[in-house]
Structures are given as C-alpha cells and as structure tokens.
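# Reading the structure
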Amino acid sequence: MANIRTLQRAFSGGEVTPELFGRIDDAKFMSGLAKCRNFIPKPHGPVENRAGFVFVRAVKDSTKKTRVIPFTYSTTQTMAIELGAGYFRFHTQGATLLSGGVPYEIANPYAELDLFDIHYVQSADVLTLAHPNYPPMELRRLGATSWALSEISYSPPIGIPQAPAAVPGGGVTPVYTYAYVITAVAADGLSESYSSVQATCNNNLFASGGVNTISWSAVSGAVKYNVYKQLGGLFGYIGSTEGTQLVDDNIAPDLGKTPPNYDTAFNSAGNYPGAVSYFEQRRAFAGTINQPQNIWMTKSGTESNMSYSLPIKDDDRIAFRVAAREANTIRHIVPLTQLLLLTSSAEWRVTSVNSDAITPSTISVRPQSYVGASNVQPAIINNSLIYCAARGGHVREMAYNWQANGFLSGDVSLRATHLFDNYNILDMAYAKAPQPIVWFVSSNGKLLGLTYVPEQQVGAWHQHDTDGAFESCTVVPEGDEDVLYVVVRRTINGAPLRYVERLSTRNFTDPADAFFVDCGLSYSGAAVTTVSGLSHLEGKTVNILADGVAHAQRVVHNGSITLDNSASKIQIGLPITADIQTLPAVAMLRDGSYGQGHFKNVNKVWLRVYRSSGIFVGPSDSELTEAKLRTTEPYGSAINLKSEEIQVMIPPAWSDSGQVFVRQVDPLPLTVVSLTAEIAMGG
C-alpha cells in the first residue's frame, strides 16, 4: 500500500485517555494528544514546553506540609502567602518579604492537618479565613512589613450609652410609666450599639405641658444617638440627636424601626463556619459543625454586623437553613450572577423572590444538581465555576444555562480520566494570563493543567512533573502575567525538603534569558566559570544554559558548579523532560478502516515550529532522532531559534499505531505549531 501523509493542525484537545483512542469520531480526537507532559496546549492550537520553576525559598519547617494562598491588594501589590503550621510568610516577585534580614512572619493558630481545609476570601487589604475548628480570622495588611491576624468581632464597634435617665417635666400629675433605651451610632452611619439599660419615669405626656427629658453619658466615637420609647412591649424610634439628651413631648414611637438585636454568632467550638465569601455587599458564612446546612450573611453594607430588627428589615442580617434531604455540610459559597452553595452531595442556587436583591424575607434556595463538591476551594472563570467532585477525583464545571433556567454541571475531565481516576485533587488555582489555565495539584504529586476557554469550547489537559512532588499551588498577578507559585517536596542530598517555587515567564527576546529548568536560579553579570549559591540543589545533576547554549550537565558540589567556558548569563536548575505523543494515526482508506487494523511505519516527520531549538523526534521515547538545526552558527555558539518547518528522518519502527513522539530535554524553548507525518501502511 502507498505511503500516506497525515497533518495535525492543532493540539488544543490536550492529552486524552488511552480509553479514548478508538473514538476517532470524537470532536477533540484530531487535535488531541496521547501524551502531553510538561507541555502546555495554547487555546489557538500550538503546544509549547512549559517554563521552569524558579527557586524562591525553603519553607520554614520542611517536616510539615505547607500551603500557598494568594493575596492581591492591587494590581501592583500582590503576595503569595506561605501558610504553614503556626505561621504566615510572604513572597512576591519571586522573593521573600524580609524584616531585619530574616523572613517576615506572623503567627497563626492553625495545625498542619487543617491547612488545606482553610477557605478564604479577600476584600481590599483584608483576607478572611474560615475553618470549622477555628474562629473566623482576618489577616490584615497594615503596611509592607506590618500584618495582623485577629479573630472577627461580631459585637458593635461602639460602646453603649451609660447612665441613662428620664426626668419628667411639665408639672402634671403622673399617670403613665414611660420607658426609654438609647443606642450610639458609629461614624459609618450603619453600626449601632447595643441598647442601654432602660430609663423610666412616671408622667402624663397627654396633658398640656407634659414632657420627659432623656439624658445619658457621651460615648467615644459616636456621631449621634438614637432614642427609642416603649409601646406595646416593643421599643420604637422617636428621634436622633448629636447631643446627650432628647425631650419627648409625646412623640409617637415608630415601631417599624426598633433597636438592633445581635446574634451571638460563631462564639464557641462547633459553631465556627467552614465557608466564607461575599455577595451583594454582605459577607457570608456557612457550614458549622453544629449547623452544617445554615448560612449567615451580615447586615447589608457591613463586614461583621450580625444585627436584626423586629420587625425584620431588608438590610438586616440573614440567617437561614437549607432544607435538604440529607444533612450535608455547605463547603463553599460561590458568588456568580447568583449565589451558589456547594455541599458534599448537591449544588444549590440562592435567589430572591419578588425582589432584585436577597433580603431576609425574599430568600429562596433551589437545588441545581446532585453531584457534590470536595473541600478544595473552587475557581471562578468568567461566568463559570470549576470545582472538584466530592467523590471520584474528577473536575467539573458549572455554568448558567438559559434553556434549563438554571445552572448545569458537567465533567471536564471526561476525556482525560487516566489523570484523575484513583487520585484526588489537593489544591487548585486559576491563571488568566498569558494563557487561561486552571492548575491542579494531584495526590500523585503531579501538577495538572487545564487550558480552559469555555466560550470557545477549549478544554485541554496537560500534566507536569518534576524531580519531586507538587503539594500546593496558587496564582497571583505580577506585572502583565498571572504567576504560579507552588510548594514542591524534593529530596536534596538525601534529606526531604519543601521549597516555594515560582513559574518563570516565557516572554523573552534574548535566547540567553530562556528559563527551562526547575528549582533553578539565574546569574547575570561579569563572565564567570564558577557559579555558587546552589546549596538548595546539593548533590543534584543540573541542566545549564550558558549565554543561550545548552551546557553539559553538572553535579552540584559544595553549592557550586564549574563551566567549561565563562558565561555572563547562566540559568541552572533541575532538568525538565517535556514530551508530546500523537494519537494513533487515522487516515481515510478505501477499505473504510480509517487505518485501523493496519501496521504502520512512520518514515519521516515535518514539524512546523516557532522560536524553537533542541528537538528530538521518533516513533517512541526509546528511539529518538535529534533534529539538526545548526546551519551558519559557529560551533559552540547558541543556535538561532527556528520558526519554520523542519524535516526529520526517524528510525523505522512498524507498529499498530503510527504515533510520533517529540521530546525536549535541553533548557531551550520548543513550540510545535503543526505536525505532518509520512506513514507507510501495511496489511
């Protein structure tokens, strides 16, 4: 049978499970890959090897698991917070925040086993932390090296008016008993103190000239005082004043406005919430041990005001229980266009009835699906939600569907089940730029990526490994890119260590600035042959890029390595092996078999690449041929990055699949735009 040629135009289908190799009818088959290891499919089709991770610093205590979480005060002030057992540290721009030459840190009460169950939400310079075993906490940024962690107070921020007194006047015969209470109003105009003790007097305000003068002591920080008079068992509003007394000349109390009542929220073990978020100008909490299906929302426009009035007003705090068939804990509160509650067995939508806003009297809860979510904090992408399923280890998306008039949930890991079955997702984070990627840490120590553009139906999976195991990840914006920070457990010189590392950028013009090593560091300066400061890689074999040239590997000894020739720009770190493998070849044949049932041999391959160097191609990972790219460049100098179609003759290897394997082991960039293969078909 004659030779045929196949063309793979794009790789935006990502890695697919071997169980899908027979689904040649699937829409993603022609753009999929059998393996996508340390490569990243881009949304518009090409696939590029990932940049390396820059070493930031070892965690404080490598014997304990450590987590990283994001803090974004503004587009120019961001932090990756190292959340460890008993402490916080702060990293930004690939460096650690120092004070007095040592890492700046503050204490926290969290134990190692609880770190990955802490949920968080940020508003301005306040990060709220929630865990069902600890009181809700606020981490406040007061300055560059001034942070404070404190329990959230749900008491009014202003004191109670003291020594209230009611003095009758007018010289009339007393007939009735009058009772008053006073509250102080804080400078925000929303926070109102507890009611004072009652001030009573006997008088007859219905008689001509009868008045009661109510007075009290001034309260520090109060901008005004509200006075309430009792009628029918309730205290109703009769007036406000900036002074410390008010005259009642038979003012009728307004029972539509009564003194605030305060919930004693989250004040003891078993009553601490495990979920937190913001929605419609309220901070929301949910999922305590004693009330797992309850949700609480603060008074509108406040952070911690849990007050309500009698009768209930629209801006009062909200407290309700989700009535469900099973008593499953609310694990996540997710603010999309509508509020979503994710429990361990179902997803719920919280909406308002006959109102534009959620209020205590208009709240409505409806189930959307019965899948359930794990405890890993979800990610919001545009108007969609990515979360991890409660069981099975899979990743799901949830988005509004107008035809269903609700939110639908779907499995986005269905085409790559081999990456998820029998594993669990431990952490996740979302990067918007330069590529929209959701990052996941798997329980097998790998870093998984999902290139995700839902409006273009792009969902491409890729897996990443290193000399060690990934344990945590987070993303913070730095400059024009969203930067991935990870915690990696490595074995260095026989000892287990945990490092905070930062994914380098792929945006470079000079090939000497390319960074494709892990746990690496860079040197830039006068030409040298010896590079020190590598004690974090002691005993490791490292890859080296010296002035854009891939140097022979070295072993780090006494924290240093020696080069063959001096260089002024050097990148040193652990090697990265990046592989892609095409899916089994498919071709239209006269027998209608689409090439299935035929032995195949790939004769040659044409790779169209962009700004690439250091390419190995073959029929398998054990039979690779290096693409000869050096043309006019002098020996020993850097090879110019190629942006062209490259032909590679590969060793003959008859097989039933006709797959092509591409590998990058040098610390150099490789972007594959398309792949053409000439295949000989057998019987």
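Above this text is the structure in question.
First things first, this report covers the structure right here in the doc. What you see is a predicted model, and the numbers here were worked out from it, not measured in a lab. (Residues numbered from 1 in each chain as written. Predicted model: local features only at pLDDT ≥ 70, side-chain atom pairs only at ≥ 80, totals over all residues. Heavy atoms only, no water.)

In terms of regular secondary structure, the protein is built from zero helices and 56 strands. Dimensions along the principal axes, computed over C-alpha positions, put the protein at roughly 120 × 65 × 40 Å. Taken over 683 residues, the protein has a buried fraction of 55%. Considering only residue pairs separated by 6 or more positions, the protein has 62% of its internal contacts joining residues 24 or more positions apart. As displayed, the protein offers around 28,400 Å² of accessible surface, 49% of which is attributable to carbon and sulfur atoms. Counting 51 positive and 59 negative side-chain charges, the protein places the averaged centre of each group 3 Å from the other. (Helix = DSSP H or I, 4+ residues; strand = E, 2+ residues; numbered from the N terminus. Buried < 20%, exposed > 50% of the residue type's maximum accessible area, 1.4 Å probe, protein only. Contact = heavy atoms within 4.5 Å. Areas by Shrake-Rupley, 256 points an atom, 1.4 Å probe, with all protein chains shown as cover. Lys, Arg positive; Asp, Glu negative; His and termini not counted. Charge placed at Lys NZ, Arg CZ, Asp CG, Glu CD.)

With that settled, the discussion passes to the pairing of strand 52 (residues 616-620). For a regular strand, the rule is simple: side chains alternate between the two faces of the sheet. Of all five residues in strand 52, five are buried; the element is thus mostly enclosed. Relative to strand 53 (residues 623-626), strand 52 runs antiparallel, the two sharing three bridges. Note on strand 53: the bridge partner recorded for V617 is T625. Linking strand 52 back to strand 53 in an antiparallel pair, the connection comprises two residues. With three bridges connecting them, strand 52 and strand 55 (residues 661-664) associate as antiparallel partners. Directly across from G618, in strand 55, lies its bridge partner F661. (Pairing = 2+ DSSP bridges.)

Let us now look at the sheet that holds strand 27 (residues 282-286). Pairing is antiparallel across the open sheet formed by four strands, whose spatial order is 26-27-28-30. Only two strands of the sheet have a single partner each, and these edge strands are strand 26 (275-279) and strand 30 (318-321). Adjacent strand axes in the sheet meet at a mean angle of 20°, parallel and antiparallel pairs treated alike. As judged from the five bridges shared by strand 26 and strand 27, these two strands associate in the antiparallel manner. Along strand 27, the bridge assignment pairs A275 with A286. (Axes fitted to C-alpha atoms, helices over the stretch in contact; angles between N-to-C directions.)

The full count for this structure, using the stated rule, is 19 aromatic pairs. For the pair F55 and Y499, a centre-to-centre distance of 4.9 Å together with 80° between the ring planes defines the contact as edge-to-face. Taken together, the residues span a long stretch of sequence, with F55 in strand 6 (residues 53-58) and Y499 in strand 45 (residues 495-503) at a distance of 444 residues. Accessibility expressed as a relative area gives 2% for Y499, which makes it buried. Ring plane angle 75° and centroid distance 4.9 Å describe the contact between Y110 and Y134, whose orientation is recorded as edge-to-face. Of this pair, Y110 sits in the loop between strand 13 (105-107) and strand 14 (119-123) while Y134 sits in strand 16 (residues 134-143), and the two are 24 residues apart along the sequence. Residue Y134 is classed as buried on the basis of its relative accessible area of 12%. Here the aromatic residues F71, F90, Y104 and W147 are joined through ring pairs into a cluster of three or more. Just above the ring of Y73 sits the side chain of R141; from NZ or CZ to the centre is 4.8 Å. (Phe/Tyr/Trp six-rings, centres within 6.5 Å; stacked < 30°, edge-to-face > 60°. Lys NZ or Arg CZ within 6 Å of the ring centre and 35° of its normal.)

On to a nonpolar patch on the surface, then. Among the surface-exposed residues, V175, Y176 and F206 lie close enough to one another that they form a single nonpolar patch of about 340 Å² accessible area. If you trace the backbone, Y176 turns up in strand 19 (residues 176-185). (Patch = residues over 30% accessible without salt bridge, like charges linked within 9 Å, V, L, I, M, F, W, Y side chains within 5 Å. Salt bridge = Lys/Arg side-chain N within 4 Å of Asp/Glu carboxyl O.)

Let us look at the environment of G597. In this fold, G597 is placed in the loop between strand 50 (578-582) and strand 51 (600-609). As for G597 and S657, which are separated by 60 residues in sequence, their C-alpha atoms are 9.2 Å apart.

In this section: the environment of N212. Along the chain, N212 turns up in strand 21 (residues 211-215). Residues N212 and G170, spaced 42 residues apart in sequence, show a C-alpha to C-alpha distance of 8.4 Å. Other than its neighbours up to four places away in sequence, N212 contacts V167, P168, G169, Y178, Y180, C201, N203, L205, L246, V247 and D248. Within the structure, the side chain of N212 is placed 2.9 Å from the side chain of N203, a separation counted as a polar contact. (Polar contact = N/O pair within 3.5 Å; in protein donor to acceptor, adjacent residues only side chain to side chain.)

Before going further, it helps to examine the environment of S443. Mapped onto the secondary structure, S443 falls in the loop between strand 40 (437-442) and strand 41 (447-453). Classification of S443 by relative accessible area gives partly exposed; the value is 39%. Between the C-alpha atoms of S443 and S622, which are 179 residues apart in sequence, the distance is 28 Å. Those residues in contact with S443 that lie beyond four places of it in its chain are Y423, N424 and L426.

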